[in-house]
Amino acid sequence: MNVLLWHVHGSWTTSFVHGRHRYLVPVTPDRGPYGLGRARTYAWPEKAVEVTPEELGRAEVDLVVLQRPEELELAERWLGRRPGRDVPAVYVEHNTPKGDVPNTRHPMADRDDLLLTHVTHFNELFWDNGGTRTAVVEHGIVPPRVEWTGELDRLAVVTNEPVRRWRVTGTDLMPRFAAVAPLDVFGMGVDGLPDRLGLPAERLATHDDLPQDRMHAEVARRRAYLHLCRWTSLGLSLIEAMTIGMPVVALATTEAVDAVPPDAGVLSTRVDTLVEAARWLAEDRDAAYRLGARAREVTKERFGLDRFLADWDRIMEEETCASR
């Protein structure tokens, strides 16, 4: 198939474009949020091709994958066809609802022209989807090329914009963990975090927007993975860390409760419990290895790329066949 989708979430899109189709990724001169084009810090196959809005008007498109409400209007204008009416459409919801949870109404609620696909069962449960047909396709990842070594008794955190998002990403909790083990924070918009938290460089170091392969290599050297998000969809960086073989210390919130089994890490809503778990793993490399080995075993089975792509092939085939 020829599948139109925007480059919105780098890690998720990286997995998606490893399928067997041709992926049309809009690009605009400014490479803004609606024309970002191909990724630069992720490895994408050649079948993910950049297309301009002008080229889309002449392109053969079998399916539109929408990820933001405004893409409905963009797709109609650029294609000259209405998603869900003139060309099959699937809407992918990556995020937990915001606002009056659990009464937050999804922007695609009560539509009969598309399938609303969530990336976690938690998201499907908490969004008010109305009468729109829904499905869940859990994450799948391209396996990182490295394995855990844990030679550094430090904790790895992967997060984006932790200063702006603050309580959502659990940034306010970081000093409590930095007191028992130094933190390395990877992601976009992490520079300036030590100053904002008032922590010295030896207790918290930042690594801003590294290429994915390099980030994986660095994360794998840390003893454990720290996941402090209070309200989030299931982060692919968490799954990647588990696939590398890292034990997890995480808040027992949203989908993480179901994704991380008890013998692969420590989950709790009691921060003191998690701080003690971080201290334990920083001091006991053998224990970290045992939990990480279980994490690797679970994620390779549940969040494998083959399963993810097979689930999406089934959905895309069903949606395109139903429109004929």
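For the structure itself, consult the block above.
For clarity, every value in this text was computed on a predicted model and none was experimentally measured.

Let us now look at the layout of surface pockets. What the largest pocket holds in volume is close to 1,400 Å³. The wall of the largest pocket is formed by 49 residues, among which His 9, Thr 159, Asn 160, Arg 165 and Met 188 lie closest to the centre. Breaking the lining of the largest pocket down by element, the ones donating at least two residues are helix H1 (10-16), strand E8 (152-158), helix H5 (162-165), strand E9 (183-187), helix H8 (212-219), strand E11 (222-227) and helix H9 (236-244). For the lining of the largest pocket, the residue count by class is 21 nonpolar, 20 polar and 8 charged. Of the volumes computed, that of the second largest pocket is approximately 350 Å³. What lines the second largest pocket is a set of 18 residues, among which Val 8, His 9, Gln 67, Arg 68 and Asn 95 lie closest to the centre. Grouping the constituent residues of the lining of the second largest pocket by class yields 7 nonpolar, 7 polar and 4 charged.

Turning our eyes to something else, we now look at the pattern of salt bridges. Under the defined criterion, the tally for this structure stands at 29 salt bridges. For Glu 71, the salt bridge goes to Arg 68, with nearest N and O atoms at 2.7 Å. Here Glu 71 matches Arg 68 in class, with each residue buried. The closest approach of N and O atoms between Arg 82 and Asp 86, which form a salt bridge, is 3.2 Å. Of the residues examined, Arg 82 reaches a relative accessible area of 41% and is grouped as partly exposed. A cluster of three or more residues bridged by salt bridges with shared partners is formed by Glu 151, Arg 154, Asp 184, Glu 218, Arg 221 and Arg 222.

Next up on the list: empty space enclosed by the protein. In this approach a probe as big as a water molecule rolls over the atoms, and the regions it shows empty are the leftover space. By the definition in use, this model includes 1 cavity of 30 Å³ or more. Put simply, the largest cavity is a space of about 30 Å³. Val 158, Met 215, His 216, Val 219, Tyr 225, Ser 237, Glu 240, Ala 241 and Ile 244 together form the lining of the largest cavity. Listing elements by their share of the lining of the largest cavity, those giving two or more residues are H8 and H9. Per-element accounting of the lining of the largest cavity gives the leading share, 4 residues, to H9. Along the lines of polarity and charge, the residues of the lining of the largest cavity split into 6 nonpolar, 2 polar and 1 charged.

Pairing is parallel in the open sheet, where 7 strands are placed in the order E3-E2-E1-E4-E5-E6-E7. Single-partner strands in this sheet number two, and they are strand E3 (48-51) and strand E7 (134-136). Recorded for the sheet is a direction-independent mean angle of 30° between the axes of neighbouring strands. The pairing of strand E6 (residues 115-118) with E7 spans 3 bridges and is parallel. Directly across from Leu 116, in E7, lies its bridge partner Thr 134. Relative to the sheet, helix H3 (residues 71-79) contacts strand E1 (2-5), strand E2 (22-26) and strand E4 (63-66), its axis offset from that of E4 by approximately 150°.

Rules behind the numbers
Residues numbered from 1 in each chain as written. Predicted model: local features only at pLDDT ≥ 70, side-chain atom pairs only at ≥ 80, totals over all residues. Heavy atoms only, no water. 1 Å grid on protein atoms, 1.4 Å probe; cavity = no way out; pocket = protein on both sides within 12 Å on 5 of 7 lines; lining within 4 Å. Points joined across faces, edges and corners; volume = space filled by probe spheres on them. Helix = DSSP H or I, 4+ residues; strand = E, 2+ residues; numbered from the N terminus. Nonpolar A, V, L, I, M, F, W, Y, C, P; charged D, E, K, R; others polar. Salt bridge = Lys/Arg side-chain N within 4 Å of Asp/Glu carboxyl O. Buried < 20%, exposed > 50% of the residue type's maximum accessible area, 1.4 Å probe, protein only. Pairing = 2+ DSSP bridges. Axes fitted to C-alpha atoms, helices over the stretch in contact; angles between N-to-C directions. Contact = heavy atoms within 4.5 Å.

Read these as layout, nothing more, since geometry by itself doesn't imply function.
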